[in-house]
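Geometric and topological summary
Spelled out, the chains give:
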Amino acid sequence: MTKEEILKQIQEMLASLFELDPEDIKPESKLFEELELDSIDAVDLVVKLQKTIGKKIMPEDFKTVRTVQDVVDVVYKLINSK
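Below is a short write-up of the structure. (Residues numbered from 1 in each chain as written. Predicted model: local features only at pLDDT ≥ 70, side-chain atom pairs only at ≥ 80, totals over all residues. Heavy atoms only, no water.)

1. Description of the overall build of the protein
For the protein, the count of helices and strands is four helices and zero strands. When its helices and strands are written in sequence order, the protein yields α-α-α-α. Radius of gyration (C-alpha) of the protein: 12 Å, near the 12 Å computed for a compact globule of 82 residues. Along the longest, intermediate and shortest principal axes, the C-alpha atoms of the protein span 35 × 25 × 20 Å. For the protein, contacts bridging at least 24 residues in sequence account for 58% of all contacts bridging at least 6. If you sum the accessible surface of the protein, you get close to 5400 Å²; carbon and sulfur atoms cover 52% of it. In the protein, which carries 12 positive and 18 negative side-chain charges, the distance between the mean positions of the two groups comes to 9 Å. (Helix = DSSP H or I, 4+ residues; strand = E, 2+ residues; numbered from the N terminus. Rg over C-alpha atoms; globule rule 2.2 N^0.38 Å. Contact = heavy atoms within 4.5 Å. Areas by Shrake-Rupley, 256 points an atom, 1.4 Å probe, with all protein chains shown as cover. Lys, Arg positive; Asp, Glu negative; His and termini not counted. Charge placed at Lys NZ, Arg CZ, Asp CG, Glu CD.)

Shown next, in the form of structure tokens:
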């Protein structure tokens, strides 16, 4: 999967899970400040991502995530790790 494909999936996921306007979900969008997600939303997102990619996401992988692009980068790295 390319980063663009991952971004598209994450945008769709955020839009459906949290009833966000897809046009508001840009790579530079801040998850907590701009998209108004809270810690429970973040957990929901991680659970959904794990089901989608079929790999476990460790909490430490997600500690530095602040933007949509950060999520894309973490997922991309997980998908491409052995």
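There is more to say, and it comes next.
2. Quick word on unusual backbone geometry
Although it is not a glycine, Glu 19 sits at a positive phi angle of roughly 50°. Secondary-structure assignment places Glu 19 in the loop between helix 1 (3-18) and helix 2 (39-53). Its relative accessible area of 74% is what places Glu 19 among the exposed residues. A positive phi angle is found at Glu 36, which is not glycine, with a value near 60°. Residue placement: Glu 36 occurs in the loop between helix 1 and helix 2. By relative accessible area, which is 64% here, Glu 36 ends up exposed. (Buried < 20%, exposed > 50% of the residue type's maximum accessible area, 1.4 Å probe, protein only.)

3. Observations regarding the nonpolar core
Ile 10, Leu 14, Leu 35, Leu 49, Phe 62, Val 68 and Val 71 are the most contacted members of the largest nonpolar core, which totals 25 residues. If you list the elements that add at least two residues to this core, you get helix 1, helix 2 and helix 4 (68-79). Counting residues per element, this core draws most heavily on helix 1, which supplies seven residues. With residues near it in sequence (within four places) discarded, Val 68 still touches Leu 7, Ile 10, Leu 14, Ile 25, Lys 26, Pro 27, Ser 29, Leu 31 and Leu 35. (Core = buried A, V, L, I, M, F, W, Y, C linked by side-chain atoms within 4.5 Å.)

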